[in-house]
Amino acid sequence: MDEHGEQETTRQRSPLRRAGKLLLTLTLIALAFAGLAAGAVVVLSDRLAGQVERFPGVFSELDPEQRPPQTPMMTFLLVGTDSRAGQPTTGAAAPGTEFTPGSQRSDVVMLAQVSADGSHAGVVSLPRDSWVDVPGHGTTKLNAAYSLGGPGLLVHTVESLTKIRVDHFAVIDFSGFRALTDAVGGINVNVASPATTEGFRFHAGPNHLDGPAALAYVRQRKNLPGGDLTRVQRQQSALRALLESAVSGGMLSDPLRTYRFLDTLTHWVSVDDTLTNSALRSLALDLRSLRPGNITFLTAPVSGLGQEDGQSVVYLDSRRAPRLWRALAAGNLEHYVRQFPDSRLGSSTR
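All values reported here derive from a predicted model rather than from experimental measurement.

**Considerations on the pattern of salt bridges**
Here's step 1: Inspection of every chain in the model, using the stated rule, returns four salt bridges.
Here's step 2: A salt bridge links Glu 159 to Arg 67, with the shortest nitrogen-to-oxygen separation between them at 2.6 Å. Separated by 92 residues along the polypeptide, Glu 159 in helix α3 (residues 142–162) and Arg 67 in the loop between β1 (53–55) and β2 (74–81) bring together distant segments of the chain.
Here's step 3: For Arg 67, a relative accessible area of 14% gives the class buried.
Here's step 4: In this structure, the salt-bridge partner of Arg 344 is Glu 334, at a minimum N-O distance of 3.2 Å. Taken together, the residues span a long stretch of sequence, with Arg 344 in the segment after α10 (333–339) and Glu 334 in helix α10 at a distance of 10 residues.
Here's step 5: A relative accessible area of 30% means that Glu 334 is categorised as partly exposed.
Here's step 6: A network of salt bridges, in which partner residues are shared, links Arg 128, Asp 129 and Lys 141.

The structure is reproduced here in structure tokens:
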């Protein structure tokens, strides 16, 4: 149980495929990097995409009149849940059917936006402990929105905060990230200073991590110099490394290895039910021109850390954050990065 009294429970499998998207979207990007033939994309859509759990009604309770306007860009709300349970809590392998208030924690919250022409993408992390207004629940931590009202309330909260319209929603359990890391043969991350957690030691400099080590790396909370902010950087670094491993290792040029990887992926993720198989195929085709160097990773600007009601919280910068949201809404993230170059994810993390 965490600070919000959130209990971790398992979920029953359902013919309706539940919500999620984080690594699914990034893997579709990776497919685009590899320049796979359209036939492979069709296989993904019609066979493997059929295995993806869909979460029903994510956007059904949102008032269309109060939502931010649609833009030519496509924006995804990506969520990672950190369950310590032995069983998966997302994807087709999860034994759950419906969202149960208080049963899930959103430990990773990211906005991922793809440009209209599919050539650029930006991924902005929002710290889970951000102190924000949650509609109907007052001011509390960002991850409380998911716990209290599921994906619909989290989408409403993020749209209210950023004034950016969310087109799709997605979730993956951290254990799915571990499985995907092993599927690509491990990931390479740069660590600025030595660290130890859960029996794993990370030395300063390049580290090659298998699935269990990568999970410990992104999960560590204690003894990090920047606390939750350093953890956010680690999560971004690991996701970037996962993409790079899939592409540079040649896995996506080998049809059999690609299929096995996607088979693993589609059993662990959940997406909103507006992402049909044909929509997933269209997404993959739209991302054909995207390249790894054209994905910008950064974190919402923070003014400081503090305590609220006995909880450690993160305060978003009330002056810089609106500038970031305006740049993202306009599809001009690079303009913001040029103004604040230190906001971009660096080559190494602590």
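**Observations concerning the side chain of Arg 234**
Here's step 1: For Arg 234, the location among the structural elements is in helix α6 (residues 228–248).
Here's step 2: Although Arg 234 lies buried, it forms no salt bridge, and the closest oppositely charged side chain, Glu 198, sits 9.0 Å away as judged by the N-O distance.
Here's step 3: Within the structure, the side chain of Arg 234 is placed 3.0 Å from the backbone oxygen of Tyr 217, a separation counted as a polar contact.

**Considering the environment of Arg 323**
Here's step 1: Relative to the assigned elements, Arg 323 resides in helix α9 (residues 320–329).
Here's step 2: Overall, Arg 323 belongs to the partly exposed group, its relative accessible area being 35%.
Here's step 3: Remark: the alpha-carbon pair of Arg 323 and Pro 301, spanning 22 residues in sequence, is separated by 9.8 Å.

**Describing the packing of helix α4 (residues 174–183) against α6**
Here's step 1: Running from N to C, α4 and α6 point in directions that differ by 35°, and their axes come no closer than 11 Å. The two elements α4 and α6 cross, and the hand of that crossing is left-handed. Residues Phe 174, Phe 177, Leu 180 and Thr 181 of α4 touch α6, and the partners they reach there are Arg 231, Gln 235, Ala 238, Leu 239 and Leu 242.

**Re the nonpolar core**
Here's step 1: If you look at the biggest cluster of nonpolar residues, it comprises 47 residues, and the most contacted ones within it are Phe 177, Ile 187, Val 189, Phe 202, Leu 209, Tyr 217 and Val 218.
Here's step 2: Dropping the residues within four chain positions of it, Val 189 is found in contact with Gly 205, Pro 206, Asn 207, Leu 209, Tyr 217, Ser 237, Ala 238 and Ala 241.

**Some remarks on the packing of helix α5 (residues 211–219) against α6**
Here's step 1: Viewed as axis vectors pointing N to C, α5 and α6 meet at an angle of 145°, and their least axial separation amounts to 8 Å. Across the interface between the two elements, Tyr 217, Val 218 and Arg 219 of α5 pack against Arg 231, Arg 234, Gln 235, Ser 237 and Ala 238 of α6.
Here's step 2: Class assignment of the residues belonging to the contact of α5 with α6 gives a composition of three nonpolar, two polar and three charged.

**A short note on the confidence of the model for the chain**
Here's step 1: Put simply, the chain has an average pLDDT of 78, and 74% of its residues get 70 or more.
Here's step 2: Of all helices and strands in the chain, the one with the weakest mean pLDDT is helix α1 (residues 22–34) (47), whereas strand β5 (residues 131–134) scores best (96).
Here's step 3: Counting contacts from residues 1–24, a segment whose pLDDT is below 50, to residues more than four positions away or on other chains yields 122 contacts.
Here's step 4: The low-confidence segment residues 84–103 (pLDDT under 50) makes 76 contacts with residues lying over four places distant or belonging to another chain.

Cut-off values and rules
Residues numbered from 1 in each chain as written. Predicted model: local features only at pLDDT ≥ 70, side-chain atom pairs only at ≥ 80, totals over all residues. Heavy atoms only, no water. Salt bridge = Lys/Arg side-chain N within 4 Å of Asp/Glu carboxyl O. Helix = DSSP H or I, 4+ residues; strand = E, 2+ residues; numbered from the N terminus. Buried < 20%, exposed > 50% of the residue type's maximum accessible area, 1.4 Å probe, protein only. Lys, Arg positive; Asp, Glu negative; His and termini not counted. Polar contact = N/O pair within 3.5 Å; in protein donor to acceptor, adjacent residues only side chain to side chain. Axes fitted to C-alpha atoms, helices over the stretch in contact; angles between N-to-C directions. Left-handed = near helix turned anticlockwise from the far one by under 90°. Contact = heavy atoms within 4.5 Å. Core = buried A, V, L, I, M, F, W, Y, C linked by side-chain atoms within 4.5 Å. Nonpolar A, V, L, I, M, F, W, Y, C, P; charged D, E, K, R; others polar. pLDDT = per-residue confidence, 0-100.

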